[in-house]
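Descriptive structure summary
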Amino acid sequence: MLRAMTAAAATISDAELPGARFLPRGGTALVVRLSALGDVLFALETVAALRRERPDVAVDFLVEDRFRGLLEGHPHLREVIVYPRRQPLAIPGSLWRLRARRYDVVLDVHGILKSALHLAAVRAAHKVGAAPPGAREGASRVYSLAVPMPQPLPHRADIGHRLLAAIGLSGAPCAPALATPAAPAEFAALPRPRVLLHPGTSAFAAFKRWPADRFAELAQRLSARGVQVLVGFGPGERELAAPALAAAPAAHAVDGAALGLLGMAGVMRICDVVVAADTGPLHLGAAVGARCVALFGPKDHLRYGPRGHGGVRHEVLWHGVPCRPCKRRDCATPQCVLGIEVAAVEAAVLLQLAEAGR
């Protein structure tokens, strides 16, 4: 398909190429999204949309070292450039190496001071990002083109599409790609339906978690219905997964620390439904086409919710409280997520299975 698209692009003149003013034929582009997991996945939509319309363009991606594994073998990327956040002494050398590169276009879909410092280091004919408030901390000062955003701000993934529209592409959404490996045979051989529960979040986002005992009750209920329950967990999250595994002895543990991000994505790809809070693994499931039941707390799902592509529809649940959505970084009593009942989540899972024909 890529060869066919490239051949088609070669049949039109340089001036007719989408975005030709910014991206000459065979041009180069850099997409910048340093973190976090969900936002890197959203940025991969930008990459896919760019390559869909301009398969002749070589695209690099700048990302923090903790997420480099997600981009290994990515079919749309020429190179993954790593910001060594966990190795502070290596950062000056990394910025200097970036300075030696030259691009036709750099797209900053992160829009904060840290990403702007990288844009200041790199040489490019065009540096493109969102105008405030889409970009913060003065990041837009380094852009040669600051793209106005509507208010309220659109979904995080749509910011990248609006940047593409500003340089002459369609800006139409596009499903991201990942180089996911085949799921381990022990999971691929399970009968359907398969539902993966992911109780964890990052420690930073712990207040957005749905309680582990409710995941345990959900695992028990689904298992009693004959559903194959898988319980996923990342590094340091085994204790969060333990109650669900104990409540449903037939449940299967999916160790993300051993599998890595792409390995976890491979398991999610063969699952019918993924249930998770507002966290990176939720978006990982959505990116590989699983139907998701998203347990949302303080954040606005219209900006941060899972993306549906190819006709896949996700269920987003939250408990209505006057203070939601909010921008707090912590909360002693996050009723927006604590108020979600197990029965409501079970019903959402069953609805998703029914819509999937399971």
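Below, the structure is looked at part by part.

Reading the values: rules and limits
- Residues numbered from 1 in each chain as written.
- Predicted model: local features only at pLDDT ≥ 70, side-chain atom pairs only at ≥ 80, totals over all residues.
- Heavy atoms only, no water.
- Helix = DSSP H or I, 4+ residues; strand = E, 2+ residues; numbered from the N terminus.
- Rg over C-alpha atoms; globule rule 2.2 N^0.38 Å.
- Contact = heavy atoms within 4.5 Å.
- Areas by Shrake-Rupley, 256 points an atom, 1.4 Å probe, with all protein chains shown as cover.
- Lys, Arg positive; Asp, Glu negative; His and termini not counted.
- Charge placed at Lys NZ, Arg CZ, Asp CG, Glu CD.
- Salt bridge = Lys/Arg side-chain N within 4 Å of Asp/Glu carboxyl O.
- Buried < 20%, exposed > 50% of the residue type's maximum accessible area, 1.4 Å probe, protein only.
- Pairing = 2+ DSSP bridges.
- Axes fitted to C-alpha atoms, helices over the stretch in contact; angles between N-to-C directions.
- Parallel < 35°, antiparallel > 145°, perpendicular 65-115°, else oblique.
- Nonpolar A, V, L, I, M, F, W, Y, C, P; charged D, E, K, R; others polar.
- Core = buried A, V, L, I, M, F, W, Y, C linked by side-chain atoms within 4.5 Å.

**Points about the overall build of the protein chain**
Summing up its helical and strand segments, the protein chain has 13 helices and 12 strands in all. For 358 residues, the compact-globule estimate of 2.2 N^0.38 gives 21 Å, and the protein chain sits close to it at 21 Å. Projecting the C-alpha coordinates of the protein chain onto the three principal axes gives extents of approximately 60 × 45 × 40 Å. Considering only intrachain contacts with a sequence separation of at least 6, the fraction spanning at least 24 residues in the protein chain is 62%. Here the protein chain has roughly 15,400 Å² of accessible surface; of this, 55% comes from carbon and sulfur atoms. When the 42 positive and 29 negative side-chain charges of the protein chain are each reduced to one mean point, those points stand 5 Å apart.

**Re the pattern of salt bridges**
The final tally for this structure, using the stated rule, is 23 salt bridges. Notably, a salt bridge pairs E79 with R101, separated by 3.0 Å at the nearest N-O pair. Remark: R101 occurs in the loop between helix 3 (91-99) and strand 4 (102-108) and E79 occurs in strand 3 (residues 79-83); sequence separation between them is 22 residues. The exposure class of R101 is partly exposed, given its relative accessible area of 24%. Measuring nitrogen to oxygen at the nearest pair gives 2.8 Å for the salt bridge that ties E346 to R225. You can see E346 sitting in helix 13 (residues 342-355) and its partner R225 sitting in the loop between helix 7 (212-224) and strand 8 (228-233), a full 121 residues away along the chain. Ionic contacts of the salt-bridge type, sharing partners, join the residues E64, R66, R85 and K114 into one network.

**Looking at unusual backbone geometry**
Note the cis peptide between P132 and P133, where omega equals 5 degrees. Residues R324 and P325 are joined by a peptide bond in cis, for which omega reads -5 degrees. Tracing the chain through its elements places P325 in the loop between strand 12 (315-317) and helix 12 (335-338). Look at E137: it is not a glycine, yet its phi comes out positive at around 60 degrees. Within the secondary structure, E137 is located in the loop between strand 5 (123-130) and strand 6 (145-147).

**A word on the environment of A265**
In this fold, A265 is placed in helix 9 (residues 256-269). Excluding anything up to four places from it in sequence, A265 contacts L178, T180, L284 and V288.

**Considering the sheet that holds strand 6**
Adjacent strands of a sheet pair through backbone hydrogen bonds, lying either parallel or antiparallel. If you trace the 6 strands from one edge of the open sheet to the other, you get 3-2-1-4-5-6, paired in parallel fashion. Two strands bound the open sheet, and with one partner strand each, they are strand 3 and strand 6. Averaged over all pairs of adjacent strands, the angle between their axes in this sheet comes to 20 degrees, without regard to strand direction. On top of the sheet, helix 3 reaches strand 2 (58-64), strand 3 and strand 5; it is set at about 145 degrees to strand 3, its chief contact.

**Brief notes about the packing of helix 2 (residues 37-53) against helix 10 (residues 280-287)**
Here helix 2 crosses helix 10 at 25 degrees, and the two axes come no closer than 7 Å. Considering their axes alone, helix 2 and helix 10 lie roughly parallel with respect to each other. Here L37, G38, L41 and F42 of helix 2 lie close against helix 10, whose contacting residues are G280, P281, H283, L284 and A287. Residues that form the contact of helix 2 with helix 10 fall into these classes: 6 nonpolar, 3 polar and no charged.

**Concerning the nonpolar core**
Core analysis: the largest hydrophobic core is formed by 61 residues, its most contacted members being F61, L70, I167, L178 and L196. If one sorts the elements of this core by residue count, helix 2 sits on top with 9 residues. In this structure L178 touches L41, L44, L70, H74, L262, A265, R269, L284, A287 and V288, once residues within four positions along its chain are discounted. In this structure, F215, V229, I340 and V345 belong to the second largest nonpolar core, which totals 27 residues.

**What to know about helix 10**
For helix 10, a buried count of 8 out of 8 residues is recorded, marking the element as mostly surrounded by other parts of the structure. Every buried residue of helix 10 is listed here: G280, P281, L282, H283, L284, G285, A286 and A287. Each element contacted by the buried residues of helix 10 is listed here: helix 2, strand 7 (194-198), helix 9, strand 10 (273-277), strand 11 (291-295) and helix 11 (301-304). Following helix 10 by one or two positions, G289 adopts a phi angle in the positive range, close to 95 degrees.

Bear in mind that shape data such as this cannot, by itself, settle questions of function.
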